Amino acid sequence: VQLQASGGGLVQAGGSLKLSCAVSGRSFMSYAMGWFRQAPGEERELIAAIRWSGEVTYYADTVQGRFTISGDNAKNTLYLQMNNLKPEDTAVYYCAERVRIGGPPITDRSEYEYWGQGTLVTVSS
């Protein structure tokens, strides 16, 4: 299974970007997918996740109301619309996939089995 994240770049504060994640190499559908980010010197954090069944979503407090996760499990795609970007949003953004059904909540980072390579988002002030 391979995940390819794209769409990062340089944007001014207040601007918008849309990240995409394409999944290939699997014949099954995932249980949930998420977007993580890692700023320099910081730990990787989960900022948004979606459980396909019922389209249950999760957002970290830091992005709630500004970012929107969406996608199509059958089409193996995941998106992250990011609006009103702030300098503190600067990080490498990763998409990740969880295949195992049920069990711990989708906020459990350890449950994500497949990861993309990351795309850099830089927000200038």
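The shown structure was predicted, so the numbers you read here are calculated from the model rather than taken from an experiment.

S.K.: Honestly, the state of the cysteines in this entry has me stumped. Any pointers?
M.R.: Disulfide: a covalent bond formed between the sulfur atoms of two cysteine residues. A full pass over the atoms with the stated rule returns one disulfide. Here C21 is linked by a disulfide to C95, with a sulfur-sulfur distance of 2.1 Å. Across the S-S bond of C21 and C95 the torsion is about 65°, and the bridge reads as right-handed. Taken as a pair, C21 in strand β3 (residues 17-24) and C95 in strand β9 (residues 91-98) lie far apart in primary sequence, 74 residues in all.

S.K.: What exactly am I supposed to notice about the side chain of R98 here?
M.R.: Along the chain, R98 falls in strand β9. Buried within the structure, R98 lacks any salt-bridge partner; its nearest side chain of opposite charge belongs to E111, at an N-O separation of 4.2 Å. There is a polar contact of 2.4 Å between the side chain of R98 and the backbone oxygen of G102.

Cut-offs used in this document
- Residues numbered from 1 in each chain as written.
- Predicted model: local features only at pLDDT ≥ 70, side-chain atom pairs only at ≥ 80, totals over all residues.
- Heavy atoms only, no water.
- Disulfide = S-S within 2.5 Å.
- Helix = DSSP H or I, 4+ residues; strand = E, 2+ residues; numbered from the N terminus.
- Buried < 20%, exposed > 50% of the residue type's maximum accessible area, 1.4 Å probe, protein only.
- Lys, Arg positive; Asp, Glu negative; His and termini not counted.
- Salt bridge = Lys/Arg side-chain N within 4 Å of Asp/Glu carboxyl O.
- Polar contact = N/O pair within 3.5 Å; in protein donor to acceptor, adjacent residues only side chain to side chain.

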